[in-house]
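Letter by letter, the chains look like this.
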Amino acid sequence: MPALVLLGAQWGDEGKGKATDLLGGSVDYVVRYQGGNNAGHTVVVGDQKYALHLLPSGILSPSCTPVIGNGVVVDPSVLLSELSGLNERGVDTSKLLISGNAHIITPYHVSMDKVAERFLGKRKIGTTGRGIGPTYADKINRVGIRVQDLYDESILTQKVEAALDVKNQMLTKLYNRRAIAADQVVEELLGYAEQLKPYVADTVLVLNQALEDDKVVLFEGGQGTLLDIDHGTYPFVTSSNPTAGGACTGAGVGPTKISRVIGILKAYTTRVGAGPFPTELFDEDGEALRRIGGERGVTTGRDRRCGWFDAVIARYATRVNGLTDFFLTKLDVLTGWEQIPVCVAYEIDGKRVEELPYSQSDFHHAKPIYETLPGWSEDITKAKSFSDLPKNAQNYVKALEEMSGAPISAIGVGPGRDETIEINSFL
Ligand code: IMP
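On a predicted model such as this, the values are computed, not experimentally measured, just so you know. Sequence order as written defines the numbering, with residues in each chain counted from 1. With pLDDT at 70 or above as the cut-off, local features in this predicted model cover only qualifying residues; side-chain atom pairs require 80 or more to be listed or tallied, and sums for whole chains, interfaces and linings still use all residues. Just so you know, side-chain values use all the structure's heavy atoms and leave hydrogens and water out.

A.B. asks: Explain the overall build of the protein chain here, please?
C.D. replies: Helix and strand assignments follow DSSP, with helices taken as H or I runs no shorter than four residues and strands as E runs no shorter than two, numbered in order from the N terminus. The number of helices and strands found in the protein chain is 12 helices and 20 strands. We compute the radius of gyration from the C-alpha atoms alone; for a globule the expected value is 2.2 Å times N to the 0.38, where N is the number of residues. Computed over its C-alpha atoms, the radius of gyration of the protein chain comes to 22 Å, within 12% of the 22 Å expected for a compact globule of 427 residues. Based on the C-alpha atoms only, the size of the protein chain along its principal axes is roughly 65 × 50 × 40 Å. Of all 427 residues assigned to the protein chain, the portion counted as buried reaches 57%. Pairs at least 24 apart in sequence give 75% of the contacts found in the protein chain among residues at least 6 apart. Throughout, the Shrake-Rupley method with a 1.4 Å probe supplies accessible areas, and for residues the shown protein chains are the sole cover considered. Total accessible area computed for the protein chain in this model is approximately 17800 Å², and 51% of it derives from carbon and sulfur atoms. Counted as positive: Lys and Arg. Counted as negative: Asp and Glu, with His and the chain ends omitted from the count. Every charge is mapped to an atom, namely NZ of Lys, CZ of Arg, CG of Asp or CD of Glu. When the 43 positive and 53 negative side-chain charges of the protein chain are each reduced to one mean point, those points stand 4 Å apart. The buried label goes to any residue with under 20% of its type's maximum accessible area, the exposed label to any with over 50%, and the partly exposed label to all in between, with areas taken from a 1.4 Å probe on protein chains only. Residue contacts are defined here by distance: any two heavy atoms, one from each residue, within 4.5 Å place the two residues in contact.

See the structure below:
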């Protein structure tokens, strides 16, 4: 019954694709349990680079069944174009399973996302503009459209009309936009139905049976812990639960089934979009991290904000996710710094604070308290074991592990598939 959850321990973009790579052929099912095409990870297979937004990374492995769980929001046009892009490159996508209970991102959700952001002005969240928040809002408001609705035209029409009733009032009267015609939306959605049909399944049943049969199931979180709607830096968060509990609700698997929770942790910190970020750098070090680390969003092409490692956040991620392991990524990006500052606590209103404050205002005022660790200049990309790393790199990893509260079981030392040091096996 090996069910593993793999999730971002910071603000997303920690390099989850690399961890999935390491597990490679041993995984039978890879499941996305929340988010939508706001995510983005790059997976390198041989000399081929794939940027995935909605599909689980398991789509690239012939032995694996990729699953889009009920907790995901699906933009059918994006999904179909992602699938056809892969098919054109010779990737077989026929094993994909999509939950009939997953909610659909419609064109009106995308419009609402964009106008709402514009309306917020200076207070905007910096969303990806993909309709994620409005689709989850409709789900919670019980006016959402689910994948299964595509197969009952009359229900679909009623639901789209009901959803647009209020939205068109908002679009025309509040946002000064044109109303959206329900029949056009219905027609567009029905146009996707046949193409999606072969993939639609009772994924909850499939996954629970797979676990009964001792298959290896990997739950892949999008975004990261600090972007979680409940546990992140609200309101500067996404509208779902990337944290470990989200895997249970977003895939229909009970918590007793989860055997391992792996947090992906970058050796420094990045964030896209607005919101507090205590260790953010505005100097040449930040610029160098961005340049060397290639810190530009896979989904939006936006530059990522960069800063030093924050152990307070890592400890918080250990706590809210019950992490059993960390996968430390991009250690090679730090090669060349003589000294590397690491945030060990915050100063808030003159007081030293060791743990993430629950109060949003306190977090906004948090100033990082740094400890400085000696850096290394040797190339580490060829390191195959922990002992191959220069002493200072070893000490940096050990210090992070001690501060973060869970063992670092793997280390990424370069972008390539095999540029990973495995310390403890995940399976
Ligand atoms: P939304 O998910 O598009 O609603 O955006 C909400 C916030 O989450 C914004 O700050 C986005 O930049 C951020 N966000 C969403 N998806 C990702 C991701 O995959 N990586 C990093 N940040 C993300």
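A.B. asks: Would you explain a negative patch on the surface in this entry?
C.D. replies: The grouping of Glu-161, Asp-165, Asp-183 and Glu-187 at the surface amounts to a negative patch. Counting only elements with at least two residues in the negative patch, the list comes to helix 5 (153–174) and helix 6 (182–196). Overall, the relative accessible area of 54% leaves Asp-165 in the exposed class. Patches here: salt-bridge-free residues with over 30% relative accessible area, like charges joined within 9 Å, nonpolar side chains (Val, Leu, Ile, Met, Phe, Trp, Tyr) joined within 5 Å. Any Lys or Arg side-chain nitrogen found within 4 Å of a carboxyl oxygen on Asp or Glu counts as a salt bridge.

A.B. asks: How should the state of the cysteines be read in this particular structure?
C.D. replies: The term disulfide refers to a covalent linkage connecting the sulfur atoms of a pair of cysteines. When two cysteine sulfur atoms lie within 2.5 Å, the pair is treated as a disulfide. Counting across every chain of the model gives 0 disulfides. Considering cysteine sulfurs only, Cys-64 is the nearest to Cys-248, which forms no disulfide, with 19 Å between them. Free cysteine Cys-306: the closest other cysteine sulfur is in Cys-343, separated by 16 Å.

A.B. asks: So what exactly am I meant to see when it comes to the site of the ligand here?
C.D. replies: Residues are labelled near a given molecule or strand when at least one of their non-hydrogen atoms is within 4 Å of it. Around the ligand sit 15 residues, and of these Asp-13, Asn-38, Thr-128, Thr-238 and Arg-302 come closest. Within the side chain of Asn-38, a nitrogen or oxygen atom sits 2.8 Å from an oxygen atom of the ligand. In the analysis that follows, any N or O atom pair within 3.5 Å is treated as a polar contact, provided that within protein one partner can donate a hydrogen and the other can accept it, and provided that, for residues neighboring in sequence, both atoms belong to side chains. Backbone polar atom of Val-272 to an oxygen atom of the ligand: 3.3 Å apart, as the coordinates give it. Classifying every residue of the shell around the ligand gives 6 nonpolar, 7 polar and 2 charged. Both domain 1 (3–91 + 202–422) and domain 2 (103–198) contribute no fewer than three residues apiece to the shell around the ligand. Charged residues are taken to be Asp, Glu, Lys and Arg, nonpolar residues to be Ala, Val, Leu, Ile, Met, Phe, Trp, Tyr, Cys and Pro, and polar residues to be all remaining types, Gly included. Where each domain begins and ends is defined by an automated method or by a domain database.

A.B. asks: I tried to follow the packing of aromatic side chains on my own but got confused; where do I start?
C.D. replies: In this description, an aromatic ring pair is defined by two values, namely the gap between the centres and the angle between the planes. Note on ring pairs: Phe, Tyr and Trp rings are taken, using the six-membered ring of Trp, and paired if centres are within 6.5 Å. Classes follow the plane angle, with under 30 degrees stacked, over 60 edge-to-face and the rest tilted. On inspection of all chains with the given rule, the structure shows 6 aromatic pairs. Taking the centre distance of 5.7 Å and the plane angle of 85° together, the rings of Trp-308 and Trp-337 count as edge-to-face. Here Trp-337 lies in the loop between strand 15 (325–329) and strand 16 (339–348) and Trp-308 lies in the loop between strand 13 (305–307) and strand 14 (309–310), a separation of 29 residues in the sequence. Taken individually, Trp-308 and Trp-337 each receive the classification buried, so the pair is uniform in this respect.

A.B. asks: Please explain the domain arrangement of the protein chain as it appears in this structure.
C.D. replies: Quoted interface sizes are often the accessible area lost when the parts come together. By domain assignment, the protein chain separates into domain 1 (3–91 + 202–422) and domain 2 (103–198). On the side of domain 2, 20 residues touch domain 1, which itself brings 26 residues to the contact. Note on terms: buried area is the combined drop in 1.4 Å-probe accessible area of two parts once they are placed together, counting the loss on both. Approximately 1800 Å² of surface area, both sides summed, lies buried where domain 1 meets domain 2, with 63% of it carried by carbon and sulfur atoms. Three residues stand out in domain 1 for area buried against domain 2, namely Val-73, Pro-76 and Leu-80, and they jointly supply 30% of the buried area on that side. Taken together, the connections running from domain 1 to domain 2 amount to 0 salt bridges. Elements with a contribution of two residues or more to the side of domain 1 that touches domain 2: strand 6 (73–74) and helix 2 (76–88). Ranked by the residues each element gives to the side of domain 1 that touches domain 2, the list is headed by helix 2, at 4 residues.

A.B. asks: I tried to follow the pairing of strand 19 (residues 408–412) on my own but got confused; where do I start?
C.D. replies: Within a regular strand, the side chains alternate between the two sheet faces. Burial analysis of strand 19 places 5 of its 5 residues in the buried class, which makes it a mostly covered element. At least two DSSP bridges between two strands are required for those strands to pair. Relative to strand 19, strand 15 is paired through 3 bridges, and the arrangement is parallel. Across the sheet, Phe-326 pairs through a bridge with Ile-408, a residue of strand 19. Note: strand 19 against strand 20 (residues 420–422), 3 bridges, orientation antiparallel. Directly across from Gly-412, in strand 20, lies its bridge partner Thr-420.

A.B. asks: For this particular structure, what's the right way to read helix 6?
C.D. replies: Quick reminder: α-helices carry 3.6 residues per turn. Residues three or four places apart thus point the same way. One less than the residue count of a helix, multiplied by 1.5 Å, gives the span that helix is expected to have. Spanning 15 residues, helix 6 covers 21 Å between terminal C-alpha atoms, matching the ideal 21 Å at 1.5 Å per step. Along its buried surface, helix 6 packs onto helix 2, strand 7 (97–99), strand 8 (103–104), helix 3 (107–120), helix 5 and strand 9 (200–201).

A.B. asks: Even after reading the chapter, I still don't get the nonpolar core, so can you show me in this structure?
C.D. replies: Grouping buried Ala, Val, Leu, Ile, Met, Phe, Trp, Tyr and Cys residues that are joined through side-chain atoms within 4.5 Å yields what is termed a nonpolar core. With 60 residues, the main nonpolar core has Leu-207, Phe-219, Leu-289, Leu-331, Leu-334, Leu-389 and Tyr-396 as its most contacted residues. Considering each element in turn, this core owes the most residues, 6 residues, to helix 12 (residues 391–404). Core analysis: the second largest hydrophobic core is formed by 40 residues, Val-74, Ile-145, Leu-171 and Ala-182 among them.

A.B. asks: Please clarify how the sheet that holds strand 5 (residues 65–68) should be interpreted in this entry.
C.D. replies: Consider a sheet: its strands pair through backbone hydrogen bonds, and that pairing is either parallel or antiparallel. In spatial order, the strands read 9-7-5-2-10-1-11-15-19-20; together these 10 strands make up an open sheet with mixed pairing. The sheet is open, and its two borders are formed by strand 9 and strand 20, each paired with just one other strand. Here strand 7 pairs with strand 9 via 2 bridges, running parallel. Considered in strand 9, the bridge of Ile-98 is made with Val-200.

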